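# Fold and geometry: a report
Listed below, chain by chain, are the residues.
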Amino acid sequence: MINDFEYFAPKTLKEALKLLDQYRDDYKVIAGGQSLLIMMRQGLIKPEHLIDIKGISELNYIKSDYKKGLRIGALTTHRTIEKSPVIRKSFGVLAEMENRLASIQTRNWGSIGGNLCHGDPAGDPAPVLIALNATLTIAGIHGERNMLVEDFFLDYFETALEHGELLSEIQVPTILPNTGTAYTKFNVIESDMAVVGVAVSIHLTSKEGQCEDVRIALANSAPKPIRAKKAEELLRGKKITDHLLKEAGEIASTETEPVSDIHASAEYRQELVKVLVKRVGTEALSRAKKP
Ligand SMILES: Cc1cc2nc3c(=O)[nH]c(=O)nc-3n(C[C@H](O)[C@H](O)[C@H](O)COP(=O)(O)OP(=O)(O)OC[C@H]3O[C@@H](n4cnc5c(N)ncnc54)[C@H](O)[C@@H]3O)c2cc1C
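The following refers to the structure shown.

Conventions adopted
- Residues numbered from 1 in each chain as written.
- Predicted model: local features only at pLDDT ≥ 70, side-chain atom pairs only at ≥ 80, totals over all residues.
- Heavy atoms only, no water.
- Helix = DSSP H or I, 4+ residues; strand = E, 2+ residues; numbered from the N terminus.
- Rg over C-alpha atoms; globule rule 2.2 N^0.38 Å.
- Areas by Shrake-Rupley, 256 points an atom, 1.4 Å probe, with all protein chains shown as cover.
- Lys, Arg positive; Asp, Glu negative; His and termini not counted.
- Charge placed at Lys NZ, Arg CZ, Asp CG, Glu CD.
- Expected span 1.5 Å × (residues − 1).
- Buried < 20%, exposed > 50% of the residue type's maximum accessible area, 1.4 Å probe, protein only.
- Contact = heavy atoms within 4.5 Å.
- Near = heavy atom within 4 Å.
- Polar contact = N/O pair within 3.5 Å; in protein donor to acceptor, adjacent residues only side chain to side chain.
- 1 Å grid on protein atoms, 1.4 Å probe; cavity = no way out; pocket = protein on both sides within 12 Å on 5 of 7 lines; lining within 4 Å.
- Sits in = over half its atoms within 2 Å of the grid points.
- Nonpolar A, V, L, I, M, F, W, Y, C, P; charged D, E, K, R; others polar.
- Pairing = 2+ DSSP bridges.
- Core = buried A, V, L, I, M, F, W, Y, C linked by side-chain atoms within 4.5 Å.

## Thoughts on the overall build of the protein chain
Check the secondary structure of the protein chain and you find 12 helices and 14 strands. For 291 residues, the compact-globule estimate of 2.2 N^0.38 gives 19 Å, and the protein chain sits close to it at 19 Å. Dimensions of the protein chain along its principal axes, counting C-alpha atoms only, are 60 × 45 × 30 Å. Surface exposure of the protein chain reaches about 13900 Å², of which carbon and sulfur atoms provide 52%. When the 37 basic and 39 acidic side-chain charges of the protein chain are each reduced to a single mean position, those positions are 7 Å apart.

Now the structure itself:
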């Protein structure tokens, strides 16, 4: 049963931040409500003040240019990102990830910012954004601050957002030539959360060259989305082979701290990481080599 609450629907970021400051003792922000309403219906949270930011149009946009890269307003829906021509052309892995996130109904209403702020370690956008070395802008009544997406997640459903702050924008740097990025998740029911999700981004010195840089990000393999930095270290500076990718998968699985739940045991999740790092790494490598 949902508790009674006072409802506000600010139309600007400034107005929203003022309300957050005013009700800082007991408020909850709602964007698309796709995650929040479930928690409210289950009685897990009972805010006295609900601040609905869905109508703040200045936080709903996709902008891209070569210098600044991609900028996505926090209120942009999953479906808008999935369908965006500019994202499909230059940041295809984001559109592919969104296409597998939830159902069309949920994608039509849920926002990328809400997904990140929910802090679910199984969420799909975080590993892809971490692999793409994305950053965030967080707005508060006294100004803005920026951080890497990989630093945003602190623990299970816990983020670096402080009271009175809103996530306003996600920035993805321009993808360099000879770079390939891929993502997949293993899930039992199509359009469900990831049992394990893996994103890999590989940047080569040239089409047939060595690995100049690599980022491997994992979902639902630890209390928060993580990078498999030891596995990355193995690949960096080398000519990537099947054998090396297999070894990277094995190392990545040792970097995880998965839990056992009704969907999979911790051991099974570690096996998935081994298999998926190799599989997704192979796809990222082949994309990096594409003319
Ligand atoms: C049936 C179903 C299936 C799903 N499947 C998947 C899946 O496969 N993969 C996946 O990743 N997710 C999945 N989800 C989760 C869901 O899609 C996202 O978490 C959702 O998009 C959250 O966005 P929202 O705008 O609805 O956020 P809300 O539910 O409104 O908010 C979520 C949290 O973020 C906070 N918040 C929202 N926006 C901001 C902001 N700008 N600044 C600060 N705080 C903010 C809220 O206070 C709340 O704590 C699924 C959800 C459902 C209902």
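Next comes the rest of the account.
## With respect to helix α12 (residues 266-289)
A rise of 1.5 Å per residue sets the reference length of α12, with its 24 residues, at 34 Å; its end C-alpha atoms lie 34 Å apart and thus fit the reference within 8%. Those residues of α12 not exposed but buried are Ala266, Arg269, Leu272, Val273, Leu276, Val277, Val280, Gly281, Ala284, Leu285 and Ala288. Buried-residue contacts for α12 involve β11 (179-186), β12 (196-204), β13 (211-219) and α11 (242-254).

## Quick look at the environment of Gln34
Tracing the backbone through its elements, the reader meets Gln34 in the loop between β2 (27-30) and α2 (36-41). Each C-alpha atom, one on Gln34 and one on Ser111, is 8.6 Å from the other, the two residues being 77 residues apart in sequence. Each residue touching Gln34, except ones within four places of it in the same chain, is listed here: Thr106, Trp109 and Gly110.

## Remarks on the site of the ligand
Close to the ligand lie 32 residues, the nearest being Val29, Ser35, His78, Ser111 and Asp124. Measuring from an oxygen atom of the ligand, one finds a backbone N or O atom of Gly32 at 2.7 Å. Between an oxygen atom of the ligand and a main-chain N or O atom of Asp192, the distance comes to 3.0 Å. In isolation the ligand has 970 Å² of accessible area, and contact with the protein removes 88% of it. The cavity that encloses the ligand is the largest pocket. For the shell around the ligand, the secondary-structure elements that each account for two or more residues are β2, α2, α7 (112-118) and β10 (166-172). Among the elements that take part in the shell around the ligand, α7 stands out by supplying four residues, more than any other. When the residues that make up the shell around the ligand are grouped by side-chain class, the tally is 15 nonpolar, 13 polar and four charged.

## Section: the sheet that holds β13
Ordered in space as β11-β12-β13-β14, the four strands form an open sheet in which the pairing is antiparallel. One side of each edge strand has no neighbouring strand; the edge strands of this open sheet are β11 and β14 (226-227). Relative to β12, β11 runs antiparallel, the two sharing eight bridges. Note that in β12 the partner of Thr179 across the bridge is His203.

## Some words on the nonpolar core
Leu94, Leu116 and Leu129 are the most contacted members of the largest nonpolar core, which totals 35 residues. Top element by residues in this core is helix α8 (residues 125-131). It accounts for five residues. With sequence-adjacent residues up to four places away left out, Leu94 is seen in contact with Leu70, Ile72, Ile87, Val128, Leu129, Leu132 and Val172. Grouped together as the second largest cluster of nonpolar side chains are 31 residues, Ile226, Ala228, Ala264 and Leu285 included.

## Considerations on the side chain of Thr179
Considering the arrangement of structural elements, one finds Thr179 in strand β11. Owing to a relative accessible area of 18%, Thr179 belongs among the buried residues under this scheme. Separated by 2.8 Å, the side chain of Thr179 and the backbone oxygen of Leu176 make a polar contact.

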